[in-house]
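Structure assessment
One-letter residues, chain by chain:
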Amino acid sequence: MHMNVAPHLLTEDRAEYERILDQALSTAHARPDLSGAGTRLTLAQLRAMTLNATALVTSAAASEYDHFVKVREANRAALGARSPEPADRPGPGAGVVAIFTVLVPVLAGSAAAVLLLVGAVLRALAPTLVFGATLLTAGLVFGTLAAAGLLCAAAGLLVTALRNTPAASAPPDEELTRAREAWHRALLERGILPFLRDALAATGPPAPPLP
């Protein structure tokens, strides 16, 4: 069934309107003034009637709703002004640097292992050979480069993780919360409940059985 949308009720607030209506209907059995709900009219009929009369029902809380919308828009504008601008996308050079940072420790570590192994073998077989000591020294240098590369890669990962950590969400604005609650209360007490009472009263009490 197509239902009219109230001129002063934004589409994003339709769900709230329906939620408050459903809460009122779910507790109708505990309200003496809605004692006919479920007998004179079913809850589904009352819900359909109230949704079709959205413009009429919500107009009873128009001032509270207008205030709520203004506070919400002001709050959104303030949050937008405080939000940091999106970071620039990394250029092509950033990818090259990342690859270089990963490859350096791997290549340097492999070279260090080979040089140290060959240098150790030559040193053991020919202790007087200078080339063996040279290989050992080169292996130590490449080992140092590999360790430095690992430290740089770890630091880069840490910086990336810190940048990608989502910022803590701002606490809800108290004025916005009060404005929303005031609209909900006015909508229920001055709009939905009176409409339901009038709808039940219009049906009248059930006719007594014939003798």
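Rules and cut-offs
- Residues numbered from 1 in each chain as written.
- Predicted model: local features only at pLDDT ≥ 70, side-chain atom pairs only at ≥ 80, totals over all residues.
- Heavy atoms only, no water.
- Patch = residues over 30% accessible without salt bridge, like charges linked within 9 Å, V, L, I, M, F, W, Y side chains within 5 Å.
- Areas by Shrake-Rupley, 256 points an atom, 1.4 Å probe, with all protein chains shown as cover.
- Salt bridge = Lys/Arg side-chain N within 4 Å of Asp/Glu carboxyl O.
- Helix = DSSP H or I, 4+ residues; strand = E, 2+ residues; numbered from the N terminus.
- Buried < 20%, exposed > 50% of the residue type's maximum accessible area, 1.4 Å probe, protein only.
- Arc of directions from axis to C-beta.
- Contact = heavy atoms within 4.5 Å.
- Axes fitted to C-alpha atoms, helices over the stretch in contact; angles between N-to-C directions.
- Parallel < 35°, antiparallel > 145°, perpendicular 65-115°, else oblique.
- Left-handed = near helix turned anticlockwise from the far one by under 90°.
- Nonpolar A, V, L, I, M, F, W, Y, C, P; charged D, E, K, R; others polar.
- pLDDT = per-residue confidence, 0-100.

Some points on a nonpolar patch on the surface
Together, Val-114, Leu-117, Val-118, Val-121 and Leu-125 make up an exposed nonpolar region whose accessible area comes to about 480 Å². Inspection of the secondary structure assignment puts Val-121 in helix α5 (residues 92-125). Since its relative accessible area comes to 42%, Val-121 is described here as partly exposed.

A word on helix α2 (residues 43-52)
The α-helix advances 3.6 residues per turn, and as a result positions three or four apart in sequence lie on the same side. Listed as buried for α2 are Leu-46, Thr-50 and Leu-51. Angularly, the buried residues of α2 cover 130° about the axis, an arc narrow enough to put them on a single face. At its buried positions, α2 is contacted by α1 (14-26), α3 (54-59) and α7 (174-203).

A few points about the packing of α1 against α7
The N-to-C vectors of α1 and α7 enclose an angle of 55°; their axes lie 10 Å apart at closest approach. The angle between α1 and α7 falls in the class oblique. Crossing handedness for the pair α1 and α7: right-handed. Together, Glu-16, Tyr-17, Arg-19, Ile-20, Leu-21, Ala-24 and Leu-25 of α1 and Trp-183, His-184, Leu-187, Leu-188, Ile-192, Leu-193 and Leu-196 of α7 make up the contact between the two elements. Across the contact of α1 with α7, the residue classes break down as 11 nonpolar, 1 polar and 2 charged.

A short note on the packing of α1 against α2
Where α1 contacts α2, the axes come no closer than 11 Å and their chain directions differ by 145°. Both α1 and α2 take part in a crossing whose hand is right-handed. Of the residues in α2, those in contact with Arg-14, Tyr-17, Glu-18, Leu-21, Asp-22 and Leu-25 of α1 are Leu-43, Leu-46, Arg-47, Thr-50 and Leu-51. The residue makeup of the contact of α1 with α2, split by class, is 6 nonpolar, 1 polar and 4 charged.

Points about the environment of Ala-148
Among the structural elements, Ala-148 can be located in helix α6 (residues 130-164). On the accessibility criterion, Ala-148 (37% relative accessible area) is partly exposed. C-alpha separation for the pair Ala-148 and Val-104, spaced 44 residues apart in sequence, amounts to 9.1 Å.

Describing the pattern of salt bridges
Two side chains of opposite charge can pair, provided their charged atoms sit close to one another. Throughout the structure, instances matching the rule amount to 11 salt bridges. Of the charged contacts in the structure, one is a salt bridge between Arg-76 and Glu-12, with a shortest N-O distance of 2.7 Å. With a gap of 64 residues between them, Arg-76 in helix α4 (residues 62-82) and Glu-12 in the segment before α1 connect regions that are remote in the sequence. Of the residues examined, Glu-12 reaches a relative accessible area of 42% and is grouped as partly exposed. Taking the shortest distance from any N to any O, the salt bridge between Glu-174 and Arg-178 comes out at 3.9 Å. Of this pair, Glu-174 and Arg-178 are both found in helix α7, 4 residues apart, which corresponds to roughly one turn of the helix. Taken together, the salt bridges that share partners define one network made up of Glu-12, Asp-13, Arg-72, Glu-73 and Arg-76.

Looking at the confidence of the model for the protein chain
Taken residue by residue, the protein chain gives an average pLDDT of 79. The fraction at 70 or more is 75%. Within the protein chain, α5 has the poorest average pLDDT of any element, 71, and α1 the best, 95. Per-residue pLDDT stays below 50 along residues 1-5; that stretch engages in 10 contacts with residues further than four places along the chain or on separate chains.

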